[in-house]
Every structure is written in structure tokens, then in C-alpha cells.
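# An overview of the molecular structure
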Amino acid sequence: MVEYKAARSGRTFARVDRWLPSTRMCSDCGRINERMALNVRSWVCPCGGHHDRDVNAAINIKVAGQADFNDRGARGRTGTRPGTAR
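Residues numbered from 1 in each chain as written. Predicted model: local features only at pLDDT ≥ 70, side-chain atom pairs only at ≥ 80, totals over all residues. Heavy atoms only, no water.

## Comments concerning the side chain of Asn56
Structurally, the position occupied by Asn56 is in helix α2 (residues 53-76). When its relative accessible area of 1% is taken as the criterion, Asn56 is described as buried. There is a polar contact of 2.7 Å between the side chain of Asn56 and the backbone oxygen of Met25. Contact partners of Asn56, with chain neighbours within four places excluded, come to Ser22, Thr23, Met25, Cys26, Ser27, Trp43 and His51. (Helix = DSSP H or I, 4+ residues; strand = E, 2+ residues; numbered from the N terminus. Buried < 20%, exposed > 50% of the residue type's maximum accessible area, 1.4 Å probe, protein only. Polar contact = N/O pair within 3.5 Å; in protein donor to acceptor, adjacent residues only side chain to side chain. Contact = heavy atoms within 4.5 Å.)

Shown next, in the form of C-alpha cells:
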């Protein structure tokens, strides 16, 4: 549903890997921590970053989505568009 609404609004939609450890990965240094219980709402990374679990996950998901979009965009700039004859 989100994908078709994004297309209708002229927005870009990017799908992120469902197994991305977004809540456990430090958005400052990229370190992936051990599993955390769901009742752990904030944590401190050894790099010194203080993270709210949900805000950290949102940052990591945004970065992963933008990286996926940039990667596909870079590969797609070959001079032709798919589905067009030359």
C-alpha cells in the first residue's frame, strides 16, 4: 500500500531488508550489538553514542533505504531506459 501511495504522490519508495538489525546497530559507528530484550528502550554503544531504540532504528532504516536507492540509481544510468527501443 505504501509503495503505490508513494508512486501516486511522486515520491520514491525503497524496500529495506527485513532482517536489517536496525535497533541493534549503532547509527554513529555501525557496530552491531548483541540481541536486546524488547523492554530495553535505550542503550549506550561502546563508541559513546546514546540511543533511543526507536529513533536509532529510524535513522538506520532511512540510511539503508537511501543507500539502496542510490545504488539502483547509479546502475540505472546507462543512457537507455528499460522498455524503450532505440
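## Topic: the state of the cysteines
Formally, a disulfide is one covalent bond, and it connects the sulfur atom of one cysteine to the sulfur atom of another. As enumerated under the stated definition, the model contains zero disulfides in all. Cys29 forms no disulfide, and the closest cysteine sulfur to it belongs to Cys26, at a distance of 3.7 Å. You can call Cys29 partly exposed: its relative accessible area is 43%. A disulfide-free cysteine, Cys45 has its sulfur positioned 3.7 Å from the sulfur of Cys47, the nearest such atom. (Disulfide = S-S within 2.5 Å.)

## Things to note about the confidence of the model for the protein chain
Averaged over all residues, the pLDDT of the protein chain is 81; the fraction at 70 or higher stands at 78%. Within the model, the stretch residues 73-86 combines pLDDT values under 50 with two contacts to residues more than four positions away or in other chains. (pLDDT = per-residue confidence, 0-100.)

## Considerations on the pattern of salt bridges
Inspection of every chain in the model, using the stated rule, returns two salt bridges. The partner of Arg41 in a salt bridge is Asp54, with the nearest N and O atoms 2.9 Å apart. Taken together, the positions of Arg41 in the loop between α1 (2-8) and β1 (42-44) and Asp54 in helix α2 put the pair 13 residues apart, joining distant regions of the chain. Its relative accessible area of 39% is what places Arg41 among the partly exposed residues. (Salt bridge = Lys/Arg side-chain N within 4 Å of Asp/Glu carboxyl O.)

## Some thoughts on the environment of His50
Here His50 shows up in strand β2 (residues 50-52). Along the chain, His50 and Ser27 lie 23 residues apart, while their C-alpha atoms are 9.8 Å from each other. Here His50 is in contact with Trp43 and Val44, once residues within four sequence places are set aside.

## A few points about the environment of Leu20
Note on placement: Leu20 falls in the loop between α1 and β1. Overall, the relative accessible area of 23% leaves Leu20 in the partly exposed class. With 37 residues separating them in the primary sequence, Leu20 and Ala57 have C-alpha atoms 9.5 Å apart. Once residues within four sequence positions are removed from consideration, Leu20 is found in contact with Met25, Asn60, Ile61 and Ala64.

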